[in-house]
Amino acid sequence: MSESPQGHAKSEISFTVNGKLETVHVYPIERLLDVLRHELALTGTKEGCGEGECGSCSVLIDGTLVNSCLIPTLQAHGAKIVTIEGLASDGRLQLLQQSFLDCGAAQCGICTPGMILASLHLLKKTPQPNLEEIREGLSGNLCRCTGYMQIFEAVAEAGRRGAAA
Amino acid sequence: VRAHPADYELVAPRTLPAVLSLLAREPGAWLPIAGGTDVMVQYSAGRLLSRKLVSIWNLPELRRIDITAGEIQIGAGCTYTDLRAHETINREYSLLASAAA
């Protein structure tokens, strides 16, 4: 990138990502999505539409589900961020992730990280969601492959398996 | 054409009085930004004309929905999710709750 004539300075911005404290040196308005992917190499978070419509770039900030394409990085200063990379531990998938696999809920994979984070957010509030609650919980996430039924079934199955516990 | 992030100044005063004094010092110069659903989309598309932005995110005074006998006051920092989850708004202003989908 070329230097802008009136270029404003980069800032030191710190936050926790998946339990690890990170400090980045970026422009305050840079999208959190880009900082996660390019500065921290956490490419599990996907860019779909880049306009806050599709939910592919969903992450949790202080437990709230947000579209990281709409978050200027400065707004994440001091926050606790969870991305899709933060779910599996010691090479073992979370129950929720395993349910997605078992139910065939992942196809091309672009929406999947956002779907899983939205599902995690839903299951924290509603451990055994019914279909209507699942539809509402995933209403901010678009999928162009599956037709949604396998995804909804995966979330219901994760609830039955006790994924929220 | 993508915007260049160095063209934009974004500050995040920690308190509402600090935000208000910044806005008062240079009237009209600063664009408040909270959730980014409009501002960040314009920014990404290279169409954001305001170059000075002040974050009003995380100011608890603005994240309130206050119900009084005659009116409801919705703070500028409230999210669509806040509206959708609010019992009184769902009961009395269901169209507003639906519009916040």
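Anyway, here's the lowdown on the structure attached to this text. On a predicted model such as this, the values are computed, not experimentally measured, just so you know.

When the parts of a complex come together, some accessible area is lost, and that lost area is often used as the size of the interface. In this assembly, 21 residues from chain A lie in contact with 24 residues from chain B. The contact between chain A and chain B buries some 2,000 Å² in all, and 61% of this surface belongs to carbon and sulfur atoms. The three residues of chain A that bury the most area against chain B are Ile29, Leu70 and Gln75 of chain A, which together make up 35% of that side's buried surface. Across the chain A-chain B interface, the total number found is 1 salt bridge. Among the ionic pairs, Glu136 of chain A bridges to Arg84 of chain B, the shortest N-O distance being 2.6 Å. Put simply, chain A and chain B have 4 residue pairs in polar contact (both at pLDDT 80 or more) between them. Residues of the side of chain A that touches chain B, tallied by class, amount to 9 nonpolar, 7 polar and 5 charged.

Under the definition given, this model contains 2 aromatic pairs over all chains. A ring pair is formed by Tyr148 of chain A and Phe152 of chain A, whose centres lie 5.9 Å apart and whose planes are at 25 degrees; its orientation type is stacked. The class of Phe152 of chain A is buried, set by a relative accessible area of 7%. For the pair Tyr8 of chain B and Tyr43 of chain B, a centre-to-centre distance of 5.2 Å together with 85 degrees between the ring planes defines the contact as edge-to-face. Taken together, the positions of Tyr8 of chain B in the segment before strand 1 (9-11) and Tyr43 of chain B in helix 2 (residues 39-44) put the pair 35 residues apart, joining distant regions of the chain. Note on Tyr8 of chain B: relative accessible area 3%, which makes it buried. Stacked on the ring of Tyr8 of chain B, the Lys or Arg Arg51 of chain B has its end atom at 4.9 Å from the ring centre.

Looking now at the packing of helix 2 (residues 95-102) of chain A against helix 5 (residues 149-160) of chain A. All names here are of chain A. Orientation of helix 2 relative to helix 5, taken along the N-to-C sense of each, is 140 degrees, at an axis distance of 8 Å. Judged by the angle between their axes, helix 2 and helix 5 are oblique. Judged by the sense of rotation from one axis to the other, the crossing of helix 2 with helix 5 is right-handed. Residues Leu96, Ser99 and Phe100 of helix 2 lie in contact with helix 5, whose contacting residues are Ile151, Ala154, Val155, Glu157 and Ala158. Of the residues that constitute the contact of helix 2 with helix 5, the class distribution is 6 nonpolar, 1 polar and 1 charged.

Cut-offs and rules
Residues numbered from 1 in each chain as written. Chains lettered and ligands numbered in written order. Predicted model: local features only at pLDDT ≥ 70, side-chain atom pairs only at ≥ 80, totals over all residues. Heavy atoms only, no water. Contact = heavy atoms within 4.5 Å. Buried area = accessible area lost by both parts, 1.4 Å probe. Salt bridge = Lys/Arg side-chain N within 4 Å of Asp/Glu carboxyl O. Polar contact = N/O pair within 3.5 Å; in protein donor to acceptor, adjacent residues only side chain to side chain. Nonpolar A, V, L, I, M, F, W, Y, C, P; charged D, E, K, R; others polar. Phe/Tyr/Trp six-rings, centres within 6.5 Å; stacked < 30°, edge-to-face > 60°. Buried < 20%, exposed > 50% of the residue type's maximum accessible area, 1.4 Å probe, protein only. Helix = DSSP H or I, 4+ residues; strand = E, 2+ residues; numbered from the N terminus. Lys NZ or Arg CZ within 6 Å of the ring centre and 35° of its normal. Axes fitted to C-alpha atoms, helices over the stretch in contact; angles between N-to-C directions. Parallel < 35°, antiparallel > 145°, perpendicular 65-115°, else oblique. Left-handed = near helix turned anticlockwise from the far one by under 90°.

Spatial relationships are all this shows, so hold off on functional conclusions.
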